Amino acid sequence: MVIAAASAGCQHCDEEIKSTRDYFVESEQLAGFLIDRQGQHAQTSKGPIFKKDEDAQSFDHQLHAIALLQEHLSSLSHRLPPD
């Protein structure tokens, strides 16, 4: 039983590491996307406004992916075993 619990804990750590890595990769890609489109969007208090609809859709898709990863990481942190 102890081995199974340790294995489950290790899987949890692996999942958290992968999700954290994915979060930073997605964030970096979003930053690169905005840098590549510098001058092709305006920054407003409600967020960027893009000149091209496909850029707005891509931005929304990337932002949504990051939000999902944030939610997933939050749920993982709530499942951490106590120290």
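Everything discussed here concerns the structure shown above.
Below: a short report on this structure. (Residues numbered from 1 in each chain as written. Predicted model: local features only at pLDDT ≥ 70, side-chain atom pairs only at ≥ 80, totals over all residues. Heavy atoms only, no water.)

1. Structural notes on the packing of aromatic side chains
To keep things clear, this is the line we draw: To pair, rings of Phe, Tyr and Trp, with the six-membered ring standing in for Trp, must have centres within 6.5 Å; the planes then decide the type, stacked if under 30 degrees apart, edge-to-face if over 60, and tilted in the middle. The classification of residues rests on relative accessible area computed with a 1.4 Å probe and restricted to protein chains. Under 20% of the type maximum is buried, over 50% is exposed, and intermediate values are partly exposed.
Tallying each qualifying case throughout the model produces three aromatic pairs. Ring geometry for Tyr 23 and Phe 24: centres 5.3 Å apart, planes at 80°, overall edge-to-face. Where Phe 50 meets Phe 59, the ring centres are 5.4 Å apart and the plane angle is 45°; that geometry is what we call tilted. Exposure remark for Phe 50: the relative accessible area of 11% places this residue in the buried category. Relative accessible area serves as the criterion here: at 10%, Phe 59 is assigned to the buried category. What links up through ring pairs into an aromatic cluster is the set Phe 33, Phe 50 and Phe 59.

2. Some details on the nonpolar core
Short version of the rule: Only buried residues count toward a nonpolar core. Its members are Ala, Val, Leu, Ile, Met, Phe, Trp, Tyr and Cys residues joined through side-chain atoms within 4.5 Å. Secondary structure elements are defined from DSSP: runs of H or I of at least 4 residues count as helices, runs of E of at least 2 residues count as strands, and each element is numbered from the N terminus. Two residues form a contact once any of their heavy atoms are found within 4.5 Å.
In this structure, Leu 30, Phe 33, Phe 50, Phe 59 and Ile 66 together form the largest nonpolar core, which totals five residues. Every element with two or more residues in this core is listed here: α1 (2-36) and α2 (53-78). Here Ile 66 is in contact with Tyr 23, Glu 26, Ser 27 and Leu 30, once residues within four sequence places are set aside.

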